[in-house]
Structures are given as structure tokens and as C-alpha cells.
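Per-entry structural report
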Amino acid sequence: MIARVTRRPRQKRIVILGGGFGGVYAAMRLEKLLARESAVEICLVSRDNFFLFTPMLHEVAASDLEITNIVNPLRKLLHKVDVLVADVHQIDLSAKRVSISSSFRNHPQQIGYDHLVIALGSVTNFHNLPGTAELAVPMKSLSDAIRLRAQILRHLEEANSECNPTDRQALLTFVVAGGGFAGVETVAALNDFVRHALPFYPNLCEEMLRVMLVHSGPVILAELGQSLGRYAQKVLARRGVEIRFSTRVKSMTEENVSLVDGLSIPTRNLVWTAGAVPSPLIFSLSCPKEQGRLLVNQFLQVPDWPNVWAVGDCAFVPDIRNPGKSHPRTAQHAIREGNVVAQNIAAVLLRRPLKSFSFKTIGLLASIGRRIGVARIFGFNFSGFFAWWMWRTVYLSKLPGLDKKFRVAFDWTLDLLFPKDVCAVYDFDHRRDFDRQDHAKNTLWNNRAYQVTARQPLQLTMGTGLTRTDLLRAER
């Protein structure tokens, strides 16, 4: 008698690249949709082992929140997803393979996939301006917020013992480039933090402090409309923030920041929120692109690659209600894109019809410091304390994890009762060589991305073949 051997079907593997809003919410949704499908494997590749809630990043820099309260371990959020903490080096669409290496040790690895979700986000774009990549502090990652807080406190300590008025003024001048949401919330939080910290430094006073916001447009927070933008300007000006309109940063040295209108600002502090470009890996893909981002259809599929999907900052998601335009690159859109792409991948596997992505912005909110905010919800404008309360309520509700919600609420309560903490326990200045090395690496990537966007869409792939690891080795 011959026994019949039944072969089990090979597992379908879904690989998600990126641990931001789009990637994590796609993984969470897929986990629920395919919970009973044993023949499907879900893998998420992220550079960090945590999910960062970026809307609260400026509150970490301003010592309002503890560092770990706005991050969630990926393995705690994703119970049935294989999480790989690694850097992505190459995506081979033809062979359906992704090349990665461990973030802790350079161990190369290749992962095959049946479906690929590209959610690699964006990186800071310094626009090739001299000195900015090496000396400015961006605001995109948790380490950026930690570094900014440490730099503020270090310069306050130096200024407190500085005898030269010129050097002291440079230490106490803080410039933020970019009048969008990140820039305005950062300058407001920074301004509050520094002014609340000054009483601990007996040799310093508020008259020595200079906080400046540099914006290329005529009004800040343009997405909220001129009315709320002007209101925010008045609030910031009343609280001591100087705003420079219709100008941009030209260059930076260790002594000053130069603007295109000819103004030279003696300062050692520049916070950069004035630009971002998609991950450099996007430029290496032979796929249609729009404005440097991967072009996708209404189902979030990459054209000509039916099993490749893209969401978040690295994707140009067409707005089917407004032909020719794309959806904004905001967290609320990335969350919905992640949910829809998960539904569509599940639909393909289960042979069901796909769902078009369409989402109208619910609202936009910004905190402009000390219990004042601005908001536009369903077309209605709000400002003052109520808008600030809405900002905190909405984002607290969106923060993943019940324990994190309680921790953040507790931190906010303590902030109402006690002065801000001025302990410089996370000072990266002692790792200056490491920081400069990392900045130089990012500068090379940003310069290539900037050149590719402007002139040669495939130069990064065909010319160099360099990865981030290769550039880091070259620096070493």
C-alpha cells in the first residue's frame, strides 16, 4: 500500500519596510485580518525596535515628557508579526528580495517576499546648505529631541559662566528654521523651556535670551489658514519669539547663521525643520515617481508591480476627489493608508475586491506653548486654551498603549505643579565624533537624494550602489 503524502502549501510572506505610522498600522491591521490564516507570514523591518509617536516629540525636547513615554516596543504592539531590527540596503523588485543587515552588527541578510509594503518614510533635507547638516539639529527622531534638550542645557551652563558678552549672546540665541507644524511647535516649546529654566542660572536673565523663527512664507502654519497663522504669530511674538518672514537660512558656521536676505545671526543653535525628502532607497527603485515619491494607484499599489505597495511619506498617494493632487503627508493619513493597504493585501490573498483609498482630513492642531493652541476641525477654527486642550486630548487618545497614556497624563500633571527638569543626563557632546560621523553620512545621502530629485532620477542606483553601511565604513 502506497501512502499519499500531502505537501503543505508554502507560506505567503508579507514584508513591511518601516516602523513609522504607515508600516506599524499596516502590520497591526494585517495581524487582525489574517489571524486565522496559518499560511501567511508577516514580517516588519524597522531600524528601531520601537514605534515613535512623533506629534509629541517637541515635548520631549522641552522636558515636558519623559523620553520613553512616547515610544512603544514593536514587539509589544505586534504579537504575531516577526519584527526584524535592521537597516534596509537594497530592494530587488524583480527577484522579490530585500537586502538588510542588523542594526547592532553588520550581518547581511536577504528576505524574500510575496507582498512588499514600502513605508520607509522620509529623511531630513538640508538642501545642500553649507554647515547645516554638520551643525544644525533636526527634529525627526527621538535622538534628535534628546540631543536638542542636551544642547540647550549645555549652552545655558556655558553661558552662565561666560564672561564675554558676544560669546554669551551666541550661546543664548536659538534659531528654528521652518514655519510649519514641526517648526512652530518646536520653537514654542523651546521658548517656554528656556525661559522656565533661566531662574536656575543666577548670571542669566530674559533680556539676554533671543529665540527666532525663520520662515520662507508670509505667514506661519499656512495649512491652518491666514487667520490662525496670524493668531499664532501674535502669541509667539508676545512671548518673546522673533519671527523672520519671507527668508531662508543660507548657511551655518560654528559662530553664526546666515540668511538669504543678508542677515547674519550670531548663534550656536539652529534647529532644522525646513525640509524632508523620501528615503534614499526610493530613488534606487525603477518605478514611476512623482515629486521624488513612489507613485501609487488608488489601491496603494505601485504600477507594473502588483504585489508592491507604498504608504506614508515615501508614497505619492493620489487624491481621487481632486485629480492631479496627492493626499497630505500627515500621521492621520499614514494611519488610514496603513489600514487600507492591509485590507487590500488581505483581499488579494483571499480573492476579494480591492478598496480604493480616500480620506478627507479631519482636522489639524498645533500647540504653541503654555496652554495655548490653534486648531481647524471640520472647517471650524479654534484658538486659545480650548484648542490646546483639544490638542492634548486628541493626541493622548491616539497614543498607543494604555500604560503610555497614563504615563503621559501623569507627566503633564506634574508639569502643571512643578518646574521643568534641567538635568542634562543625556548629553551627546561627549560623543562629538560619533555625531559628526552620523551627520556626514546623512549629508552624503541627502546630497545624493537632492541631486537625484533635481536632475538624475536613477543616478543613485546606476552610479554608486552605496548603502548607508558603506558610507559609515568610509567615514570610519
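Structure report, in brief. (Residues numbered from 1 in each chain as written. Predicted model: local features only at pLDDT ≥ 70, side-chain atom pairs only at ≥ 80, totals over all residues. Heavy atoms only, no water.)

Attention now goes to the overall build of the protein. When helices and strands are tallied, the protein shows 15 helices and 26 strands. A burial count over the protein gives 51% of its 476 residues as buried. Considering only contacts in the protein between residues 6 or more positions apart, those separated by 24 or more positions represent 66%. For the protein, the exposed surface amounts to about 22,800 Å²; the carbon and sulfur share of it is 52%. (Helix = DSSP H or I, 4+ residues; strand = E, 2+ residues; numbered from the N terminus. Buried < 20%, exposed > 50% of the residue type's maximum accessible area, 1.4 Å probe, protein only. Contact = heavy atoms within 4.5 Å. Areas by Shrake-Rupley, 256 points an atom, 1.4 Å probe, with all protein chains shown as cover.)

Judged by nonpolar contacts, the single largest core of 123 residues is most densely connected at Ile-70, Leu-116, Ile-118 and Leu-156. In terms of nonpolar packing, the next biggest core, distinct from the first, is built from 15 residues, Ala-133, Leu-135, Met-212 and Met-252 among them. (Core = buried A, V, L, I, M, F, W, Y, C linked by side-chain atoms within 4.5 Å.)

In spatial order, the strands read 14-15-16; together these three strands make up an open sheet with antiparallel pairing. On the outer flanks of this sheet lie strand 14 (249–252) and strand 16 (264–266), each paired with one strand and no other. Averaged over all adjacent pairs, the angle separating strand axes in this sheet is 20°, with direction ignored. In terms of strand pairing, strand 15 (residues 256–259) meets strand 16 through three bridges, oriented antiparallel. Along strand 16, the bridge assignment pairs Asn-256 with Pro-266. (Pairing = 2+ DSSP bridges. Axes fitted to C-alpha atoms, helices over the stretch in contact; angles between N-to-C directions.)

On to helix 5 (residues 142–160), then. Compared with the 27 Å implied by 1.5 Å per residue over 19 residues, the 28 Å span of helix 5 between its first and last C-alpha is a close match. With 16 of 19 residues buried, helix 5 is to be regarded as a mostly interior element. (Expected span 1.5 Å × (residues − 1).)

This brings us to empty space enclosed by the protein. Within this structure, the stated rule accounts for three cavities of 30 Å³ or more. In this structure, the largest cavity encloses a volume near 40 Å³. With three residues, the top contributor of residues to the lining of the largest cavity is helix 10 (residues 331–349). Each residue belonging to the lining of the largest cavity can be placed in one class, and the counts come to four nonpolar, four polar and four charged. Of the voids in this model, the second largest cavity is the one considered here, and its volume is about 40 Å³. Lining of the second largest cavity is provided by His-58, Ala-61, Ala-62, Met-139, Leu-148, Ile-152, Thr-186, Ala-189 and Leu-190. Where the lining of the second largest cavity is concerned, the elements lending two or more residues are helix 2 (57–61), helix 5 and helix 7 (181–197). (1 Å grid on protein atoms, 1.4 Å probe; cavity = no way out; pocket = protein on both sides within 12 Å on 5 of 7 lines; lining within 4 Å. Points joined across faces, edges and corners; volume = space filled by probe spheres on them. Nonpolar A, V, L, I, M, F, W, Y, C, P; charged D, E, K, R; others polar.)

With that settled, the discussion passes to the packing of aromatic side chains. Applying the stated criterion across every chain, the model contains 10 aromatic pairs. On the numbers, 5.4 Å between centres and 40° between planes, the contact of Phe-385 with Trp-388 is tilted. Here Phe-385 pairs with Trp-388, and both are found in helix 11 (residues 385–398), just three residues apart, close to one helical turn. Residue Trp-388 is classed as buried on the basis of its relative accessible area, which comes to 9%. Members of the aromatic cluster, each reached through a chain of ring pairs, are Phe-21, Tyr-25, Phe-51, Phe-53, Trp-391 and Tyr-395. (Phe/Tyr/Trp six-rings, centres within 6.5 Å; stacked < 30°, edge-to-face > 60°.)

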